[in-house]
Amino acid sequence: MADSESERNGMSRRDFVRGGVRVAGMTAAGALTGALADRAAPAREVWQIDPTKCVRCGRCATECVLPQSAVKCVNSFDICGYCDLCTGYFEPDPIDLNTGAENLLCPTGALIRKFIEDPYYEYTIDEDLCIGCAKCVEGCELFGNGSLYLQVRHDRCLNCNECSIAKVCAGDAFVRVPADRPYLFKTMRSH
Ligand code: SF4
Ligand code: SF4
Ligand code: SF4
């Protein structure tokens, strides 16, 4: 397992698998690695969000140069409580704990709830729908385990010289990381 310093600085795909860290929304890591190699091979560093600095300001959804943000929500299964009443999934004081639109916090229906066994549910992210608005991240951070967080997805990001989100990020959370370790995963130890 990588030491705590290298965990904070990001983990390679190999570390990711060996460490047993499972992150929803990053399960297509094979395709991801290939896409990263294609798009960012010349770059030694790429943009990433330090999840410990993000203050969920919402600008990741509005400031990316892409029509739909390259920033997506991910869920650390190591940290997630698999809660029935998930405060990242449900509106505060939902009418009912079901997938009715009136009960859901996510504006695009990108957070997917799947029954595992009573009383546990698994939450994953449909990245094609996720706009990186951080509403679920805020709910999970304030009242849950903080397992939901934002990451720049490198199968989408153009790795602009000056990231337009970084310029306005309220938490100064955008950092440059090595292109071969492009994610800053949240784990039990870094949490
Ligand atoms: S609430 Fe926002 S950040 Fe969370 S899954 Fe939905 S679109 Fe993505
Ligand atoms: S580097 Fe460019 S494409 Fe990537 S998140 Fe920032 S603005 Fe979006
Ligand atoms: S712009 Fe910065 S503080 Fe705001 S949601 Fe994105 S990473 Fe978090």
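Worth saying up front: this structure is predicted, and the values here are computed from it rather than measured. (Residues numbered from 1 in each chain as written. Chains lettered and ligands numbered in written order. Predicted model: local features only at pLDDT ≥ 70, side-chain atom pairs only at ≥ 80, totals over all residues.)

Q: So, the overall build of the protein: which residues are in play, and what are the values?
A: The helix and strand tally for the protein stands at 5 helices and 7 strands. The secondary structure elements of the protein, listed N-terminal to C-terminal, are α-α-β-α-β-α-β-β-β-α-β-β. Buried residues in the protein amount to 39% of all 191 residues. Put simply, of all contacts in the protein between residues at least 6 apart along the chain, 76% involve residues at least 24 apart. (Helix = DSSP H or I, 4+ residues; strand = E, 2+ residues; numbered from the N terminus. Buried ≥ 20, exposed ≤ 12 C-beta atoms within 10 Å, placed from the backbone. Contact = placed C-beta atoms within 7 Å.)

Q: Could you give an account of the site of ligand 2, with specific residues and numbers?
A: Neighbouring ligand 2 are 14 residues; C64, C157, L158, C160 and C163 lie closest to it. Here the residues of the shell around ligand 2 sort into 12 nonpolar, 2 polar and no charged. (Near = placed C-beta within 6 Å. Nonpolar A, V, L, I, M, F, W, Y, C, P; charged D, E, K, R; others polar.)

Q: Which residues make up the nonpolar core, and what values go with them?
A: I49, V71, C73, C136, V137 and L150 are the most contacted members of the largest nonpolar core, which totals 45 residues. At the level of secondary structure, the elements contributing two or more residues to this core comprise β2 (45-49), α4 (59-62), β3 (71-76), β5 (120-125), α5 (135-143) and β6 (148-152). Considering every element that reaches this core, the biggest residue donor is β6, with 4 residues. (Core = buried A, V, L, I, M, F, W, Y, C linked by C-beta atoms within 7 Å.)

Q: Mind laying out the confidence of the model for the protein, listing which residues take part and the relevant values?
A: Put simply, the protein has an average pLDDT of 84, and 76% of its residues get 70 or more. The model gives residues 1-21 a pLDDT under 50, and that stretch makes 32 contacts with residues more than four places away or in other chains. In this model residues 27-35 is a low-confidence stretch, pLDDT under 50, and it forms 9 contacts with partners more than four residues away in sequence or in other chains. (pLDDT = per-residue confidence, 0-100.)

Q: Which residues make up the environment of I131, and what are the values?
A: Among the secondary structure elements, I131 is positioned in the loop between β5 and α5. Note: C-alpha distance between I131 and V71 (60 residues apart in sequence) is 7.1 Å. Residues contacting I131, with those up to four places away along its chain left out, are A61, Q68, S69 and T108.

Q: I'd like a rundown of unusual backbone geometry, residues and numbers included.
A: The omega torsion of the bond from D118 to P119 falls at 5°, within 30 degrees of zero and hence cis. Along the chain, P119 falls in the loop between β4 (111-117) and β5. The backbone phi angle of Y82 is positive, close to 50°, even though this residue is not glycine. Take Y82: it is sitting in the loop between β3 and β4. With a phi close to 55°, D93 is a non-glycine residue in the positive phi region.

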